[in-house]
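What follows is the residue order along each chain.
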Amino acid sequence: WCLKNPKKDGTDALADCALIILLTHATIEQKLQLTSLALMRSLKASGFHPQRLDASLKNHLRVGWIQAAGSRRARRYELSHTGLQEAQRLVLSYA
């Protein structure tokens, strides 16, 4: 799904894909938090190859759609309430 959005530049498309991945893990797998390693692997499986995850997600982190906790290998990401709404809007816009 994440590669079907040609209108976005690379960084926004990657961050939007991360929103979708976090939404998927929250709804299907009942995992609210996702480790940085698991998120990185999911992004790579979607066709993205980010150098640094925080740098790629900085706009979504700044807006508050994605929340991060921990540091380095113990870093975890999750959707905020507004991030959940944004991820659902993205999914519906391409359904």
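Just so it is clear, the model here is predicted, and its values are computed rather than measured.

The rules behind these values
- Residues numbered from 1 in each chain as written.
- Predicted model: local features only at pLDDT ≥ 70, side-chain atom pairs only at ≥ 80, totals over all residues.
- Heavy atoms only, no water.
- Core = buried A, V, L, I, M, F, W, Y, C linked by side-chain atoms within 4.5 Å.
- Buried < 20%, exposed > 50% of the residue type's maximum accessible area, 1.4 Å probe, protein only.
- Helix = DSSP H or I, 4+ residues; strand = E, 2+ residues; numbered from the N terminus.
- Contact = heavy atoms within 4.5 Å.
- Pairing = 2+ DSSP bridges.
- Arc of directions from axis to C-beta.

Caption draft 1: Region of interest: the nonpolar core. In this structure, Leu39, Leu43, Leu53, Leu57, Ile66, Tyr77 and Leu79 are the most contacted members of the largest nonpolar core, which totals 22 residues. When residues of this core are traced back to their parent elements, those giving at least two are helix H1 (10–27), helix H2 (36–45), strand S3 (76–79) and helix H5 (81–93). Per-element tally for this core: the top contributor is H1, with ten residues. When neighbours within four sequence positions are excluded, leucine 57 is seen to be in contact with Leu14, Ala15, Ala18, Leu39, Ile66 and Tyr77.

Caption draft 2: Inspection of the sheet that holds S3 at higher detail. Taking strand neighbours across the sheet as the criterion, the three strands line up as S1-S3-S2 in an open arrangement whose pairing is antiparallel. The open sheet has two edge strands, strand S1 (34–35) and strand S2 (66–69), and neither has a second partner. As judged from the four bridges shared by S2 and S3, these two strands associate in the antiparallel manner. What sits directly across from alanine 69, in S3, is arginine 76.

Caption draft 3: The side chain of serine 80, seen in detail. One can find serine 80 in the loop between S3 and H5. The exposure class assigned to serine 80 is buried, which follows from its relative accessible area of 10%. Dropping the residues within four chain positions of it, serine 80 is found in contact with Gly64, Trp65 and Gln67.

Caption draft 4: Quick peek at H2. When H2 is considered as a whole, its buried residues turn out to be Ser36, Leu39, Met40 and Leu43. What you see down the axis of H2 is that its buried residues fit within an arc of 100°, all on one side. Turned more than 90 degrees away from the buried face of H2 sit Arg41 and Ala45, all of them exposed. Directly beyond the C-terminal end of H2, a positive phi value near 100° is found at glycine 47.

Caption draft 5: Spatial organisation of the side chain of histidine 25. The topology assignment puts histidine 25 in helix H1. Discounting chain neighbours no more than four positions away, the residues touching histidine 25 are Gln30, Lys31, Leu34 and Ser42.

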